[in-house]
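# Remarks on the overall topology
The primary structure of each chain is shown beneath.
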Amino acid sequence: MNPRYLSRFSNKNFDLLVVGGGINGAAIANLAASLGLSVALVEKNDWASGTSSKSTKLLHGGIRYLENFEFDLVAESLKERHIQWKSVPHLVKPMRFIVPVYRGVGRPLWMMKLGVWLYDFLSGKYSLGSHGHLSLEEMARVSPGIRKEGLLGGVSYFDAQMDDARICLENVLMARKRGAQVANYCEVTDFLKENGRTVGVRLYDAILQDACEVRANNIVVAAGPWADFVRHKDTPRSRSRLRTTKGVHVVLRGNGGQDAFLLQSLKDKRIFFMIPFWGNRLIGTTDTDYAERPDDVRTDQQDLDYLLSQARQFFPKMDFSLSQVICTFAGLRPLVHEHGSPSKISRKHVIERNYSGVYYVMGGKYTTYRAIALDCVREVFPRSKDRLPVSESYKLYGSGLGQVDLKSEAARYGVDTDIVSHLMSLYGSRFVDVLHLVRLDPSLKAKICPCGPVIRAQIVYSIDTEMAASVEDIYVRRLGLGYQDCPTQQCLREITQILKKKGFLNEKNYQNR
Ligand SMILES: Cc1cc2nc3c(=O)[nH]c(=O)nc-3n(C[C@H](O)[C@H](O)[C@H](O)COP(=O)(O)OP(=O)(O)OC[C@H]3O[C@@H](n4cnc5c(N)ncnc54)[C@H](O)[C@@H]3O)c2cc1C
């Protein structure tokens, strides 16, 4: 168990304080800590609870950015996709995407063929699989039930699906392993000034219900869609830099199949995805301007209706009724301000230094987070340039899972092979840390619910090692159970009970919708 105390923050002057525990903040802290710098990372809620658990969960070049001629962004993303796959293959899975093409709707077939060829060409040695052209017969085979009226054929290409919340957590845990002081549920409420320069922050710990001051030579704010709110605390008269757009996803019950679909709305020509996800189907996303408080973002009925009706047009016989909905989630794209249609705004990132001396990281895509973190550390610590990793390998907490003999591991810890393989798929090389808990207390090998392979040790591990403090932290971000279908809700009850036993009595109740 990691003890929680604020003096670890207040007793020293850090080289770097990072505000925001989404993917960008976590990776910046991780890289800086790898250079031997003293680093603090604070997050006001749970790790990845903001945008970094609300993405479409794709590591992708972004085939649609080709038509904006953003070839450099696409090529960089394709390389980063490969690096993440090599780093944490248990959390990143190559996936085939099918694009059906209809007469008179959206991009013509020749353009789509050119697009997937160009996408592969830009991937070069980082390709995850070859693109393909699909005849009508092949389309019928790979996408049973697809709307046939006007269908001309299709194309296919490869991208990767990932677990966004867990990759973020892997960065946090790695930063901590490298010596960084990290704390979730710690909000920066104010900035400390000396001669007009920001020298630290005031921190409020919602779990300890206590506050302290943290001083640092450099401060980076990686607060995603909250960046303008944090900036206004630092420099109240500064102008807003973000244009936030809302993206909603829905998870539908039912076999997701093997392949994902990239579909172009027949209504407004927007592109959206239908992707196999934890045995079900993920559909998203919407993209609409949003100017309210980021904490209030939620799915509206019209978002849900839009996604279900669009998907129904392509698969008329599938059940897209509300009764099939397992959950929805809504996030905000923290895009740097530009005029024009939300879908056309560039996903490139920007790093700016405020006149108070604080750095702000804005925009970007999940896929390019490592490149964003490298840019940021280079800019804040120019003299460390030569010490930054030049190789393409990127080590995370669960990296390095080699060949494992499932049967002998299962026998060693007295569990079934399905449990070992499930643990490997979530924790990579760290699966043994969870099994170690089972060895210490065999009652922890019990499954929490007949609906899946999750065992009690995982809840304990989530709390003691992965800093989970609420039902939602565990149910959604640590274990992904919120995206699956537990008819009895026993998973929720078991998580709640263990949290209570561990003294987390004020946990928020997680509602599925
Ligand atoms: C709908 C949608 C789909 C997307 N799909 C993809 C995709 O498939 N692939 C892809 O590459 N990219 C995708 N993206 C983009 C990607 O998710 C984001 O670029 C990325 O998650 C941003 O990470 P971040 O760390 O900047 O922000 P966040 O994850 O939002 O992290 C910022 C953190 O700062 C914290 N914070 C705020 N204020 C304070 C404070 N005062 N004190 C302490 N902490 C604070 C917040 O709680 C939050 O956790 C998608 C985005 C959206 C919205």
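Each remark here, short or long, concerns the structure printed above.
Sequence order as written defines the numbering, with residues in each chain counted from 1. Two thresholds apply to this predicted model, a pLDDT of at least 70 for residue-level local features and 80 or more for giving and counting side-chain atom pairs, whereas whole-chain, interface and lining totals are computed over all residues. The basis for every side-chain value is the complete set of non-hydrogen atoms in the structure, without hydrogens or water.

## Remarks on the overall build of the protein chain
- What the protein chain contains, in helices and strands, is 15 helices and 20 strands.
- Every radius of gyration here is taken over C-alpha atoms, with the globule rule written as 2.2 Å times N^0.38, N being the number of residues. The C-alpha atoms of the protein chain give a radius of gyration of 23 Å, which matches the 24 Å a tight globule of 513 residues would have.
- Oriented by its inertia axes, the alpha-carbon framework of the protein chain measures out at about 70 × 55 × 45 Å.
- Whether a residue is buried, partly exposed or exposed follows from its accessible area with a 1.4 Å probe, protein chains only, as a fraction of its type maximum: under 20%, in between, or over 50%, in that order. A total of 513 residues make up the protein chain; the buried ones form 59% of that total.
- Reported accessibility uses the Shrake-Rupley method at a 1.4 Å probe radius. Residues are deemed covered only where the shown protein chains occlude them. Accessible surface, the protein chain: about 21500 Å² in total, of which carbon and sulfur atoms supply 50%. Labels follow the DSSP assignment, with helices taken as runs of H or I lasting at least four residues and strands as runs of E lasting at least two, numbered in each case from the N terminus.

## Brief notes about the layout of surface pockets
- Of the volumes computed, that of the second largest pocket is approximately 510 Å³.
- Forming the walls of the second largest pocket are 29 residues, and the residues nearest its centre are Lys93, Gln161, Asp163, Phe277 and Trp278.
- Residues belonging to the lining of the second largest pocket are distributed by class as follows: twelve nonpolar, ten polar and seven charged. In the cavity and pocket records, a cavity denotes points on a 1 Å grid over the protein atoms alone where a 1.4 Å probe fits but cannot get out, a pocket denotes an open set with protein on both sides within 12 Å along at least 5 of 7 lines, and lining residues are residues with an atom within 4 Å of a point. Grid points are joined across faces, edges and corners, and a volume is the space filled by probe spheres set on the points. Asp, Glu, Lys and Arg are counted as charged, while Ala, Val, Leu, Ile, Met, Phe, Trp, Tyr, Cys and Pro are counted as nonpolar; the rest, among them Gly, fall into the polar class.

## Brief notes about the pairing of strand E10 (residues 197-205)
- By the convention used here, strands pair only if DSSP detects at least 2 bridges between them. Sheet analysis places strand E9 (residues 186-194) next to E10, joined by eight bridges and oriented antiparallel. Directly across from Val188, in E10, lies its bridge partner Leu203.
- In textbook terms, the turn of a hairpin is the stretch between consecutive antiparallel strands, and for E9 and E10 this stretch comprises two residues, one of which, Asn195, has a positive phi near 50°.
- Both E10 and strand E11 (residues 210-216) contribute to a ladder of six bridges, which runs antiparallel. In the sheet register, Tyr204 faces E11, and the bridge partner there is Ala211.
- Taking the residues between adjacent antiparallel strands as the criterion, E10 and E11 are bridged by four residues, where Gln209 takes a positive phi near 55°.

## What about the sheet that holds E9?
- Spatially, E1-E11-E10-E9 is the arrangement adopted by the four strands of the open sheet, whose pairing is mixed. Of all strands in the sheet, those bounded by a partner on one side alone are strand E1 (13-14) and E9.
- By definition, residues are in contact when any of their heavy atoms lie within 4.5 Å. Fitted lines through C-alpha atoms serve as axes, helices being fitted only where they are in contact, and the angles separating the N-to-C directions of these axes extend from 0 to 180 degrees. Of the strands in this sheet, E9 and E10 touch helix H7 (residues 227-234), which is tilted by about 35° from E9.

## Things to note about the packing of helix H13 (residues 456-464) against helix H15 (residues 490-501)
- Interaxial distance between H13 and H15 falls to 10 Å at its minimum, and their mutual angle equals 50°. Classified by the interaxial angle, the pair formed by H13 and H15 is oblique. Of the two possible hands of crossing, H13 and H15 adopt the one that is right-handed. Within the contact between the two elements, H13 uses Arg456, Ile459, Val460 and Ile463 and H15 uses Glu494, Ile495, Ile498, Leu499 and Lys501. Note that the term roughly parallel is reserved for angles under 35 degrees, roughly antiparallel for angles over 145, roughly perpendicular for angles of 65 to 115, and oblique for everything else. Here is the rule for handedness: rotate from the far helix to the near one, and if that takes an anticlockwise turn smaller than a right angle the crossing is left-handed, while a clockwise turn gives right-handed.

## Overview of the site of the ligand
- If you check the shell around the ligand, you find 37 residues, and the closest are Glu43, Thr51, Ser52, Leu58 and Thr367.
- Each polar contact in these results corresponds to two N or O atoms within 3.5 Å; when the atoms are within protein, one needs to be able to donate a hydrogen and the other to accept it, and residues that are neighboring in sequence are counted only if both atoms are side-chain atoms. One of the backbone nitrogen or oxygen atoms of Lys44 is found 3.1 Å away from a nitrogen atom of the ligand.
- Take Thr367: an N or O atom from its side chain is 2.6 Å from an oxygen atom of the ligand.
- Within the complex, the protein chains bury 96% of what would otherwise be the 1000 Å² of accessible surface of the ligand.
- Put simply, the parts of the chain that give the shell around the ligand at least two residues each are helix H2 (23-34), E9, strand E13 (242-252) and strand E18 (325-336).
- Here the shell around the ligand is built from residues that sort into 13 nonpolar, 17 polar and seven charged. Residue proximity to a molecule or strand is established when one non-hydrogen atom of the residue lies within 4 Å of it.

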